[in-house]
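Residue strings, one per chain:
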Amino acid sequence: MLIQDKETSSSEVSKVSATIIKTEFDTPLGSMIACAVDEGICLLEFNDRPRLLTEYNELTTLLKAELVEGDHPLFIKLKTQLLEYFSGQRKEFDLPLCAPGTLFQKKVWEVLKTIPFGSTRSYKAQAIALGNLAAIRAVASANGHNRIAIVIPCHRVIGENGSLIGYGGGLWRKKWLLEHEGKFSTQFSLEF
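Residues numbered from 1 in each chain as written. Predicted model: local features only at pLDDT ≥ 70, side-chain atom pairs only at ≥ 80, totals over all residues. Heavy atoms only, no water.

(A) Representation of helix α3 (residues 73-86). End to end, α3 covers 21 Å across 14 residues, agreeing with the expected 20 Å (1.5 Å per residue, within 8%). By the burial criterion, the buried members of α3 are Leu 74, Phe 75, Leu 78, Gln 81, Leu 82, Tyr 85 and Phe 86. Across the axial projection of α3, the buried residues extend over an arc of 135 degrees, all falling on one side. Seen from the open side of α3, the exposed residues pointing more than 90 degrees away from its buried face are Pro 73, Ile 76 and Leu 83. (Helix = DSSP H or I, 4+ residues; strand = E, 2+ residues; numbered from the N terminus. Expected span 1.5 Å × (residues − 1). Buried < 20%, exposed > 50% of the residue type's maximum accessible area, 1.4 Å probe, protein only. Arc of directions from axis to C-beta.)

(B) Region of the structure containing the sheet that holds strand β1 (residues 19-27). With mixed pairing, the 4 strands of this open sheet are ordered in space as β3-β2-β1-β4. One side of each edge strand has no neighbouring strand; the edge strands of this open sheet are β3 (40-46) and β4 (66-69). Direction aside, the axes of adjacent strands within the sheet are offset by 30 degrees on average. Here β1 pairs with strand β2 (residues 30-37) via 7 bridges, running antiparallel. Each bridged residue has a counterpart across the sheet, and for Glu 24 the counterpart in β2 is Ile 33. Contacts from helix α2 (residues 52-62) reach β1, β2, β3 and β4 within the one sheet, and its direction differs from that of β3 by about 165 degrees. (Pairing = 2+ DSSP bridges. Axes fitted to C-alpha atoms, helices over the stretch in contact; angles between N-to-C directions. Contact = heavy atoms within 4.5 Å.)

(C) Seen up close, the pattern of salt bridges. Tallied over the full model, the rule gives 12 salt bridges. Its salt-bridge partner being Glu 110, residue Lys 113 comes within 3.3 Å of it at the nearest N-O pair. A residue is classified by how much of its surface remains accessible, and Lys 113, at 19% relative accessible area, is buried. Residue classification places Glu 110 among the partly exposed positions, given a relative accessible area of 33%. Glu 160 serves as the salt-bridge partner of Lys 124, at 3.5 Å between the closest nitrogen and oxygen. Placement of Lys 124 in helix α5 (residues 123-129) and of Glu 160 in the loop between β6 (157-158) and α7 (171-184) is noted, with a sequence separation of 36 residues between them. Judged by its relative accessible area of 28%, Lys 124 is partly exposed. Overall, the relative accessible area of 45% leaves Glu 160 in the partly exposed class. (Salt bridge = Lys/Arg side-chain N within 4 Å of Asp/Glu carboxyl O.)

(D) Geometry of the packing of aromatic side chains. If you walk through the whole model with that rule in mind, you get 4 aromatic pairs. For the pair Tyr 85 and Phe 86, a centre-to-centre distance of 5.3 Å together with 75 degrees between the ring planes defines the contact as edge-to-face. A relative accessible area of 0% places Tyr 85 in the buried class. Judged by relative accessible area, which is 13%, Phe 86 ranks as buried. Each ring, one from Tyr 85 and one from Phe 117, has its centre 6.1 Å from the other, and the planes form 85 degrees; the classification is edge-to-face. Residue Tyr 85 is located in helix α3, and its partner Phe 117 is located in the loop between α4 (103-112) and β5 (119-122); the two are separated by 32 residues in the primary sequence. Each of the two residues, Tyr 85 as well as Phe 117, counts as buried. Grouping aromatic residues by their ring pairs yields a cluster made of Tyr 85, Phe 86, Phe 93, Phe 117 and Trp 176. Over the ring of Phe 46 we find Arg 173; its NZ or CZ atom is 4.1 Å from the centre of that ring. (Phe/Tyr/Trp six-rings, centres within 6.5 Å; stacked < 30°, edge-to-face > 60°. Lys NZ or Arg CZ within 6 Å of the ring centre and 35° of its normal.)

Encoded structure:
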């Protein structure tokens, strides 16, 4: 699972896809929207996420592309892996990702991917993993700008006291995802 590793610049953006393909499908947690470009999945969100329109605008601006409904070969792989995840057969995703953002956001998203299935980590532990304890608020902000729910597991980040805070898909979904992963994990762990 790769995230585009270069800082998005205006000269590089023009090399990215001219079209972002969008689809909608049902999951056990409700309807989700997926978007893809040839480089990878660039969005996976619940269709009732309050920031969804903002995320569409950010993507079309960052990728200099138009958003259109349609089908993309990556959607089959995404839906298959999500089905396996929801049935407890998959703990890690193997999908190409295209997640444009700042260098800091990309670092945060890479660190998110290191949180194992069935584990949680506090925002403080995330900042420490990035080597900058003072960046707790910036880490929380970058988590909130993650456009690829579940696959980049921002739902695994919790408050230092173990509270469920800060999930764009809704705290009830965060709770469900953590309980789901705990059910299929051999050892659920908390990292503060």
